[in-house]
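So the chains spell out like this:
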Amino acid sequence: MDILFLKPIETKKYNAFQPLEGKHLLLRKIITAPRGNQSDGAAEFVLAGFPNLNSTGAEVFSLFLFIYLLTLTGNMLIVGVVGSDHRLQTPMYFFLANLSCLEILITSVIIPKMLSNFLSRRHTISFAACITQFYFYFFLGASEFLLLAVMSVDRYLAICRPLHYPLLMNGAVCFRVALACWMGGLLPVLGPTVAVALLPFCRQGAVVQHFFCDSGPLLHLACTNTTRLEEADFVLAFLVIVSSLSVTAASYGHIVLAVLRIPSASGRQKAFSTCTSHLMVVTLFYGSAIFLYVRPSQSGSVDTNWSVTVVTTFVTPLLNPFIYALRNNQVKEALKEMFGKVVTKLLQQSFLGDSLRKKTVR
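A.B. asks: Outline the overall build of the chain, listing residues and values.
C.D. replies: Each helix and strand counted, the chain has twelve helices and five strands in total. Across the 362 residues that make up the chain, the buried fraction comes to 41%. By sequence separation, contacts in the chain at least 24 residues apart represent 78% of the contacts at least 6 residues apart.

A.B. asks: Tell me what's going on with the packing of aromatic side chains, and back it up with residues and numbers.
C.D. replies: To describe a pair of aromatic rings, you give the distance between the ring centres and the angle between the ring planes. The tally for this structure, following the rule as stated, stands at 20 aromatic pairs. Members of the aromatic cluster, connected to one another through ring pairs, are F64, F118, F134, Y137, F138, F211, F212, Y293 and F314.

A.B. asks: Got a sec to walk through the pairing of strand 3 (residues 44-47)? Specific residues and values, please.
C.D. replies: The alternating pattern of strand 3 places F45 and L47 on a buried face and E44 and V46 on a face that is not buried. Bridge count between strand 3 and strand 4 (residues 124-126): three bridges; the pairing is antiparallel. Paired with E44 across the bridge in strand 4 is S126. Direction of pairing for strand 3 relative to strand 5 (residues 207-208): parallel, over a ladder of two bridges. Paired with V46 across the bridge in strand 5 is V207.

A.B. asks: I'd like a rundown of a nonpolar patch on the surface, residues and numbers included.
C.D. replies: Judged by side-chain polarity, F175, L179, M183 and L187 come together as a nonpolar surface patch covering roughly 400 Å² of accessible area. Owing to a relative accessible area of 35%, M183 belongs among the partly exposed residues under this scheme.

A.B. asks: Outline the side chain of R155, listing residues and values.
C.D. replies: Positionally, R155 belongs in helix 4 (residues 127-160). A polar contact of 3.1 Å, which involves the side chain of R155, links it to the side chain of D154. Discounting chain neighbours no more than four positions away, the residues touching R155 are M92, Y165 and I255.

A.B. asks: Kindly report on the state of the cysteines, identifying the contributing residues and their values.
C.D. replies: By definition, a disulfide links two cysteine residues through a covalent bond between their sulfur atoms. Enumeration over the complete set of coordinates arrives at one disulfide. The residue that forms a disulfide with C130 is C213, at a sulfur-sulfur distance of 2.0 Å. Where C130 bonds to C213 through sulfur, the torsion about that S-S bond is close to -125 degrees, and the disulfide is left-handed. In this pair, C130 is assigned in helix 4 and C213 in the loop between strand 5 and helix 8 (215-221), connecting sequence segments 83 residues apart. Across this residue pair, the class does not change: C130 and C213 are buried.

A.B. asks: Talk me through the environment of C101; I want residue IDs and the actual numbers.
C.D. replies: Position of C101 among the secondary structure elements: in helix 3 (residues 91-119). Among the residues examined, C101 registers a relative accessible area of 28% and is labelled partly exposed. Measuring from C-alpha to C-alpha, the distance between C101 and L72 comes to 9.6 Å, with 29 residues separating the pair along the chain. Contacts of C101, omitting those with residues within four sequence positions, involve V79 and W182.

A.B. asks: Any chance you could break down the packing of helix 4 against helix 6 (residues 171-186) for me, citing the residues and the numbers?
C.D. replies: Viewed as axis vectors pointing N to C, helix 4 and helix 6 meet at an angle of 145 degrees, and their least axial separation amounts to 7 Å. When the axes of helix 4 and helix 6 are compared, the crossing they make is right-handed. Two secondary-structure elements touch here, helix 4 through Y135, F139, L140, A142, S143, L146, L147 and V150 and helix 6 through V177, C181, W182, G184, G185 and L186. Here the residues of the contact of helix 4 with helix 6 are counted per class, giving eleven nonpolar, three polar and no charged.

Parameters and conventions
Residues numbered from 1 in each chain as written. Predicted model: local features only at pLDDT ≥ 70, side-chain atom pairs only at ≥ 80, totals over all residues. Heavy atoms only, no water. Helix = DSSP H or I, 4+ residues; strand = E, 2+ residues; numbered from the N terminus. Buried < 20%, exposed > 50% of the residue type's maximum accessible area, 1.4 Å probe, protein only. Contact = heavy atoms within 4.5 Å. Phe/Tyr/Trp six-rings, centres within 6.5 Å; stacked < 30°, edge-to-face > 60°. Pairing = 2+ DSSP bridges. Patch = residues over 30% accessible without salt bridge, like charges linked within 9 Å, V, L, I, M, F, W, Y side chains within 5 Å. Areas by Shrake-Rupley, 256 points an atom, 1.4 Å probe, with all protein chains shown as cover. Salt bridge = Lys/Arg side-chain N within 4 Å of Asp/Glu carboxyl O. Polar contact = N/O pair within 3.5 Å; in protein donor to acceptor, adjacent residues only side chain to side chain. Disulfide = S-S within 2.5 Å. Axes fitted to C-alpha atoms, helices over the stretch in contact; angles between N-to-C directions. Left-handed = near helix turned anticlockwise from the far one by under 90°. Nonpolar A, V, L, I, M, F, W, Y, C, P; charged D, E, K, R; others polar.

In structure tokens:
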């Protein structure tokens, strides 16, 4: 409702009040004018995406869509088969199912928006959506680092402490540890996210030099000194990534020493084959994350962030189901049985449907 400023009219004929429209409009302009470079003025950002691949947009879109669907399929199969087969109700497969859930979520936070930008002329993202994407990406990423460390400790206990393993990793312990991994990513990232959301951004529609709202490119757009925030991000990333990496490296180190003590050459070769594939994925994941986030200044690395992020966003989520589970004979047998049951049910339903239709026709 408009506020009218009234002034008495000094005439002999009228003793009334008249609105001063000129002053009213001028004051409205002053009130509604933007006050400085506040973040609430940045209603949306523009995602730069892959600037060097604009000429091959359709091909890149098809490739990324195929990778995304393959990643979803592989990880959903792991979750489904672990939940449905009682033989896979063990700590190792329980943690693998949690890892697959994280991979499904972290890819779904980034890739659908990126794919839609390939099909759209406007590569915009709202401020609220950008901050939400920022939060869930780092929350899920931190949880995955913690879970990888837990998985390495689980393998260490199973191989090096087999007699104590059933007692140490029972169902209640596994549930609490998995919950701690999820909460360990959920809570620490909340503070930096709020701090980024409160930053003043200089221009409406500023270009984020990335295909999603990453930390470095967003800090690069802030029109204030972000040194303290970058230092806080560095400390948090160091604590999460380097601590989980240390636990993972120590666990696999003990596993390798235990494998070397296996008397048979075939047993050592099989164990080393499994450990090598696991270490390859872990090295890719940790190496790219350390390059991106474990350094004091992030805003100066906006030109190279996107190429390294492809590894954590596309490569490792795609490889994890095949490396950790789908090469396993137990998982293969469980998948065959699950598919067999699904096909049998479909055939039975189809047969019953045909029979009912024939009876109704008669």
